[in-house]
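# Structural characterization, general
Residue-level listing of the chains:
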Amino acid sequence: MFDRKHTCVVVVGAQWGDEGKGKLVDVLAERADLVIRYQGGANAGHTVVVGDRQFVLHQIPSGILHGQATCVVGNGVVLDPETFFAELDQLAAQGIDIGGRLFVSDRAHLVLPYHKLLDQASEKQQQIGTTGRGIGPTYEDKIGRRGVRVADLIRDAGARDALAPRIARANQMLELMGAAERADLDQHVELAGRLGARLRPLATDTGLMAWQAIRGGRRVLLEGAQGAMLDVDHGTYPFVTSSTTTAGGAAVGAGIGPTEIDGVLGVVKAYTTRVGNGPLPTEAAGELEGRLRQLGGEFGATTGRPRRCGWFDAPVVRYSVRVNGLTGLAVTKLDVLDTFAEIPVAVGYRLDGEVCHGMPSDVDALERVEPVYETLPGWERSTSGARTLADLPPAARAYLDRLQDLAEAPIRYVSVGTRRDQIIEV
Ligand code: IMP
């Protein structure tokens, strides 16, 4: 993706998250100077395999695993300081040198323990299937103009004064929701004191950093989390996350203008998965779903929940191409399909007997759509050793060609395993 004309590139999930963005970012970060996470928070789980070691990153950009890249948690992220530093300490224990390479926007909002209590209480009422990491309530507070930002926490004085009304409000909400738990002011003040001091040296105006990097001709990678169908505007509302997961959010969440972005890579699995509740039109039935889950290791990196699995859904990816302005696709986990004799692909939907054009905005309609399947022949051979398209069995190439035609965007990468080297650059 990076060349002389493309120096600022976004990587987004083009389905329901867990497409393998962590691996793509890891591969692209080798050529990047600056890697910026720009939305979401500890709800994300990016798994990266380096040699025989596996890293699961939740808040720190996947680029941290490359020695040369500077990494940034942008203003659009909601940062959970407790788990952020736990993740940092874990990486240090695994020998990853972070010194001077990690920065946090002083405008980023903080996920505090009371947000998690609110998330869990609200989940009992709404059953979205959230990760319970406090994401929704933190974004609610941000938009409601009562959030706590990194800049607030690193200011020495006043943590108690600033936190007291927020804790009082959270406890009123918890009471209204019938929750038994209450947020504790002293615990929050202690956390603010302890972690504020650790955040101080990392906190800066990261939008300015991004601007200077772009102006200096350096390569900037904007790392998205979740996927287009979980976008708060364009996803399967209300079964979505609370941020803009589509590419437009990259500019806002990194603090740059949209005209700085030169390319958008959409990561898609060769099939489809979803964690949490809400419509999934191509969900596979019984044994086939179990087989996809087992072969793909489809268990949530953050919550360990089994992912719902199904077939490639072309209407979803076509929609994603449109709402993200994707300039290329990266197809991951092709190897998971290696043993299937036949592979269904949804080429369109029917809704109440009629051909359905576009993506229904009504979640009930999306629950009712019937995918129109085309069955493609499987290749029944291992693809995990392929390093060029020519190494792939003809049926696997035909499968990719069909996905590309249906999605109406060019495939730039194909991933055939979890290791760094198991990738084909097209
Ligand atoms: P929240 O982001 O924790 O509020 O969860 C809202 C919805 O987004 C739920 O369906 C979650 O399962 C889903 N979700 C959030 N983060 C991820 C992710 O990184 N991968 C896949 N699904 C996610």
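Quick summary incoming for the structure in this document. (Residues numbered from 1 in each chain as written. Predicted model: local features only at pLDDT ≥ 70, side-chain atom pairs only at ≥ 80, totals over all residues. Heavy atoms only, no water.)

## Let's talk about the nonpolar core
Definition in use: What we call a nonpolar core is a set of buried Ala, Val, Leu, Ile, Met, Phe, Trp, Tyr and Cys residues that are connected through their side-chain atoms within 4.5 Å. Type-normalised accessible area, obtained with a 1.4 Å probe on protein chains alone, sets the label of each residue: buried when under 20%, exposed when over 50%, and partly exposed for intermediate values. Any two residues having at least one pair of non-hydrogen atoms within 4.5 Å are treated as being in contact.
Counting residues in hydrophobic clusters, the biggest one holds 60 residues, and the most contacted among them are Ile64, Phe84, Leu91, Val150, Leu199 and Leu221. Discounting residues that sit within four places of it in the chain, leucine 91 has contacts with Phe55, Leu57, Ile60, Ile64, Leu65, Ile96 and Ile98. Of all hydrophobic cores here, the second largest spans 55 residues; its members include Val10, Val264, Cys309 and Leu406.

## Some thoughts on the sheet that holds strand E9 (residues 203-204)
Put simply, the rule reads: Two strands pair under a simple rule: DSSP has to find at least two bridges between them. Secondary structure elements follow DSSP: runs of H or I of four or more residues count as helices, runs of E of two or more count as strands, with numbering from the N terminus.
The strand order across the open sheet formed by 10 strands is E9-E7-E5-E2-E10-E1-E11-E15-E19-E20, and the pairing between neighbours is mixed. Every other strand in the sheet has two partners, leaving E9 and strand E20 (423-425) as the edge strands with one partner each. Two strands pair when backbone bridges link them, and strand E11 (residues 263-269) and strand E15 (residues 328-332) are joined in this way by five bridges, in the parallel orientation. Note on E15: the bridge partner recorded for leucine 265 is glycine 328.

## Regarding the packing of aromatic side chains
We apply this condition: Side-chain rings of Phe, Tyr and Trp (the six-membered ring for Trp) are treated as a pair once their centres are within 6.5 Å; stacked means planes under 30 degrees apart, edge-to-face means over 60, and tilted covers the remaining angles. Geometrically, a lysine NZ or arginine CZ counts as sitting over a ring once it is within 6 Å of the ring centre and also within 35 degrees of the ring normal.
Evaluation of the coordinates by the stated rule reveals three aromatic pairs. Their ring planes at 75° and their centres at 5.1 Å tell us that phenylalanine 84 and phenylalanine 85 sit as a pair that is edge-to-face. In this structure, phenylalanine 84 and phenylalanine 85 share a single accessibility class: buried. Sitting over the ring of phenylalanine 340, arginine 291 keeps its end group 4.0 Å from the ring centre.

## So, the site of the ligand
Formally: Any residue with a non-hydrogen atom lying within 4 Å of a molecule or strand is treated as near it. Any N or O atom pair separated by 3.5 Å or less is treated as a polar contact, with the protein-specific requirement of one donor-capable and one acceptor-capable atom, and with residues adjacent in sequence counted only for side-chain atom pairs. Note on areas: Shrake-Rupley, 1.4 Å probe, and residue coverage restricted to the protein chains presented here. For this classification, Asp, Glu, Lys and Arg are treated as charged, while Ala, Val, Leu, Ile, Met, Phe, Trp, Tyr, Cys and Pro are nonpolar and the rest, including Gly, are polar.
Within the structure, the ligand sits among 16 residues, and Asp18, Asn43, Thr131, Thr241 and Arg305 are positioned closest to it. Taking asparagine 43, its side chain carries an N or O atom lying 2.8 Å from an oxygen atom of the ligand. Arginine 305 is positioned such that a nitrogen or oxygen atom in its side chain is 3.0 Å from an oxygen atom of the ligand. In the complex, the protein chains occlude 97% of the 470 Å² of accessible area that the ligand would expose alone. Among the residues forming the shell around the ligand, the class breakdown is six nonpolar, eight polar and two charged.

## Details of helix H2 (residues 81-93)
The test is simple: The span you would expect from a helix comes to 1.5 Å times its residue count less one.
Taking 1.5 Å of rise per residue, the 13 residues of H2 would be expected to cover 18 Å, and the 18 Å separating its terminal C-alpha atoms lies within 8% of that figure. Check the buried side of H2 and you find it contacts strand E4 (53-57), strand E5 (70-73), strand E6 (78-79), strand E7 (102-105), strand E8 (109-110) and helix H7 (185-199). Capping the start of H2, aspartate 80 holds a side-chain oxygen 3.1 Å from the backbone nitrogen of glutamate 82, two or three residues further along.

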